[in-house]
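Geometric and topological summary
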Amino acid sequence: MNGSPPFVATYRLQLRNGVDLDQARELLLWLAELGISHLYLSPLFHAASGSTHGYDVIDPNTVDPVLGGEAAFLALSDAARAAGIGLVLDIVPNHMAFVPENPFIADILRHGRDSRFAEVFDIDWDKGALHFPVLDGMVEDVLESGQIVVTGTAQDPALAIYGAAYPLRRTPLAQRLVEDGGLDAPTLAALLSEQGWSVGDWRETADAISHRRFFNITGLIGVRQEDAEVFDLTHRWIVAQVQAGRIQGLRVDHIDGLARPGGYLQRLRDAVGTVPIWAEKIVKPGESIPEYWPIEGMTGYEFMTPVTRLLTDAAGLSAMREVAVGAVPEDMQAEVRKVREELLGAMLAPELRRVGAAAAAALAAPAEAPTKAQGEVAEAVADLAVRWPVYRSYAADGFPLDPWFEALRGPGLPGALLDLLCASDKDEAARDFAGRFEQLTGALTAKSEEDTVFFRMTAYLPFCEVGAEPDLTAMTVGDFSSLMQDRAARWPLGLNALSTHDTKRSADARAAVIALSHFPDFAERLLSTARESAKRHDLPPRWGLYVLQSALMLRGEPAASERLSAHLSKAMREAKDLSQHETPDEDAEGRLADLGRELLDAVEKGEGGEVDEWSRFERRREQIVLAHVVLQLTAPGIPDIYQGCELMASHLTDPDNRRAVDFAGLAQDESASSLLSARKRNLTRTLLHLRQTYAELFTRGDYALTEETDRWRIVRTLGSKAIVVEMPLPHGTVQGGWQVSVLE
């Protein structure tokens, strides 16, 4: 595998926010001691100024100077090779930053459709000017405030808007304004009329958006990776580093955003050879990724959910859901459909219009057809998207629809749209519609479910997670064992994640509420009280359930009150009914913050239960935390450890899960904030070293999990070798450690 050490475990490191490539290099010694085989880096490409995550790339062929640039990457690569550690890189093919500092966008701003980069991005050029809805008011008002000025030189004129330089065409007017000034409202209107782009109020001009966005984020623009030349242009550096032996694995971000994911993955495979590739992909229960994708597997959400289900107590789950009756939506699918209709009518309306136009073209509806006919097509597209049961299908790749999609067929247009999807391998217009429709359903599913309904159906937050669903059930030991055996057979190199930069809550945070499910009566009392507390704060009772569980997750954590308040504001905006990101209700968010402080104080003081109840709860949480470690590090596949999670790490949704980690102290006993934290780190290190010794057996060997009288027994076998790992039952009363036996 390109000179790579055998895959034992990856360690995900979030660059930026004070972490650069030199600091990544300093971490290698600890990773080697811990037993990590590969350092797994977040995107390191040149990103937009001030980027906190790196997914807003402006140049995919340059290492961001903020991180140390090319020299720092080469130094890290050399040091990693010397330490026997490989590098896995997170790449972002779907989108780039839609900002004028992006050199590709800057060239398009100056030259319009004639730019040599015009075909790099997914832009509807027939719609008109490339629109930037970046103004906080009318153009004239922003000009009067001094936030729009002409800048640059006669050969390089630009319009500075809020300090960002938007290149202008080299017209006599632009050159005169650079040299002589005199920009007033009529002159600005004349200047903008000469451009192939426009600007407007972000609240009022969404209808003018002409580029494909990442979900509803206007500041990110879709890249046309279905074009081989675009692929070559945007992957030049990546391919060169793989060929030079400096990158040993690739994680593909947001594969479902691409028009033809299967075609992209095949092109990537052809370019990088045998280097492992993982695709970030969310599957529904019972769904699997296309078998023809030339990848090692997904990034681990499909592993995380069964672990949560296995550790959840069915009786406690039932009790917690009983408390939530009348407080949360009764029917998840009905709530999802309602939210999808709202999103398509507002937030995702530009995307719906473009998909509707593609459908009309594929159905041979002439462009000059009556508005009613065009509207009927768009309504049919919306109806089908609202009922779509998975994130997306792959008809644009020529992958046939599963037979159960036929249940969506209806008379007239809905049936005709399904026919288009089925004909996408034979008709180019149908293929264009298929790709756009599938991009829409992926975004619509994510925004309606994990980014909205998961913040409304709050009975049991461990199931309100990426890759899970709020209405899941607990899983039996036998079902989990069978699932892992199937994983060993089909995806032996898939990543096994429990916490990531995208999870709503870390594994240790979820462990608190999973532990609560093991005490039904205790859970019922705490949640019932929290419901009533929400009412006193003039909030819907579901927020009491949400806050109580979130407070348990942060119980005993540093800066818990501040972190909880910040998280609750975001959670309320994600739910989108009382407050929204675009129009926050500060009064409602303030009441929620007050409720958060009240319930956090209550759980910190141990109110709502007897002392021995809280003691049993804490012991059970410790068992769940350690069970997470054992299950992850003994399962088929490649364990992926998120930064700092070798110690106790209770995180909520980002940015909380990107808080600074004391990397220098990870190996020191004083860095472990508790005995549990030290136990977790030591257990992680011991099991990783066991995996190093028997890497092939743990990755590809058979798997069996059984329940004995007082413990779980995990048996991994490959040929004549077997490893037996025994651990106390997470739901049992027996305390103690785990045991491992190696049978040759």
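Whatever comes next refers back to the structure up there.
Cut-off values and rules
Residues numbered from 1 in each chain as written. Predicted model: local features only at pLDDT ≥ 70, side-chain atom pairs only at ≥ 80, totals over all residues. Heavy atoms only, no water. Phe/Tyr/Trp six-rings, centres within 6.5 Å; stacked < 30°, edge-to-face > 60°. Buried < 20%, exposed > 50% of the residue type's maximum accessible area, 1.4 Å probe, protein only. Lys NZ or Arg CZ within 6 Å of the ring centre and 35° of its normal. Helix = DSSP H or I, 4+ residues; strand = E, 2+ residues; numbered from the N terminus. Pairing = 2+ DSSP bridges. Axes fitted to C-alpha atoms, helices over the stretch in contact; angles between N-to-C directions. Polar contact = N/O pair within 3.5 Å; in protein donor to acceptor, adjacent residues only side chain to side chain. Contact = heavy atoms within 4.5 Å. Core = buried A, V, L, I, M, F, W, Y, C linked by side-chain atoms within 4.5 Å. Parallel < 35°, antiparallel > 145°, perpendicular 65-115°, else oblique. Left-handed = near helix turned anticlockwise from the far one by under 90°.

**Looking at the packing of aromatic side chains**
- Counted by the stated rule, this structure contains 23 aromatic pairs.
- On the numbers, 4.4 Å between centres and 15° between planes, the contact of Phe214 with Phe215 is stacked. Of the two residues examined, Phe214 and Phe215, each falls in the buried class.
- One aromatic cluster in this structure is built from Trp388, Trp404, Phe405, Phe433 and Phe437.
- We note Arg12 situated over the ring of Tyr40; from NZ or CZ to the ring centre the distance is 4.8 Å.
- Over the ring of Phe231 we find Arg267; its NZ or CZ atom is 6.0 Å from the centre of that ring.

**Some remarks on the pairing of strand β5 (residues 86-91)**
- Taking burial as the measure, the six residues of β5 include six buried ones, the bulk of the element.
- Burial of the side chains of β5 extends over both faces: Gly86, Val88 and Asp90 are buried on one face and Leu87, Leu89 and Ile91 on the other.
- Here strand β2 (residues 38-41) pairs with β5 via four bridges, running parallel. Directly across from Tyr40, in β5, lies its bridge partner Val88.

**Quick word on unusual backbone geometry**
- The omega angle of the peptide bond from Asp654 to Pro655 is 10°, so this bond is cis rather than trans.
- Relative to the elements of secondary structure, Pro655 occurs in the loop between β18 (638-642) and α25 (675-693).

**Section: the sheet that holds strand β21 (residues 721-728)**
- Across the sheet, four strands lie side by side as β19-β20-β21-β22; this open sheet has antiparallel pairing. At either end of the open sheet lies a strand with only one pairing partner, and these are β19 (702-707) and β22 (739-743). Taking each pair of neighbouring strands and ignoring which way they run, the sheet shows an average axis angle of 15°.
- Where β19 and strand β20 (residues 711-718) come together, six bridges link them in antiparallel fashion. What sits directly across from Tyr703, in β20, is Arg716.

**Thoughts on the side chain of Asp256**
- Relative to the assigned elements, Asp256 resides in the loop between β14 (249-252) and α10 (261-272).
- Of note is the side chain of Asp256, whose polar atom sits 2.6 Å from the side chain of Tyr394.
- Among residues more than four places away in sequence, those in contact with Asp256 are Lys281, Tyr391, Arg392, Tyr394 and Gln439.

**Considerations on the nonpolar core**
- If you look at the biggest cluster of nonpolar residues, it comprises 200 residues, and the most contacted ones within it are Leu21, Leu39, Leu41, Leu44, Val381 and Phe433.
- Per-element accounting of this core gives the leading share, 10 residues, to helix α24 (residues 611-634).
- If sequence neighbours within four positions are ignored, Val381 has contacts with Leu352, Val355, Gly356, Ala359, Leu417, Phe433, Phe437 and Leu440.
- Judged by nonpolar contacts, the second largest core, of 34 residues, contains Ile123, Leu188, Leu192 and Val230.

**As for the pairing of strand β13 (residues 217-222)**
- Note: strand β6 (residues 95-97) against β13, three bridges, orientation antiparallel. By the bridge assignment, Met96 is partnered in β13 with Ile221.
- Taking the residues between adjacent antiparallel strands as the criterion, strand β12 (residues 213-214) and β13 are bridged by two residues, where Phe215 takes a positive phi near 55°.

**A word on the packing of helix α6 (residues 172-180) against helix α7 (residues 185-193)**
- In the contact formed by α6 and α7, the axes pass within 9 Å of each other and the chain directions differ by 135°. Here α7 runs oblique to α6, going by the angle between their axes. Relative to α7, α6 is oriented so that their crossing is left-handed. The residues of α7 that touch α6, namely those facing Leu173, Ala174, Arg176 and Leu177, are Thr187, Ala190 and Leu191.

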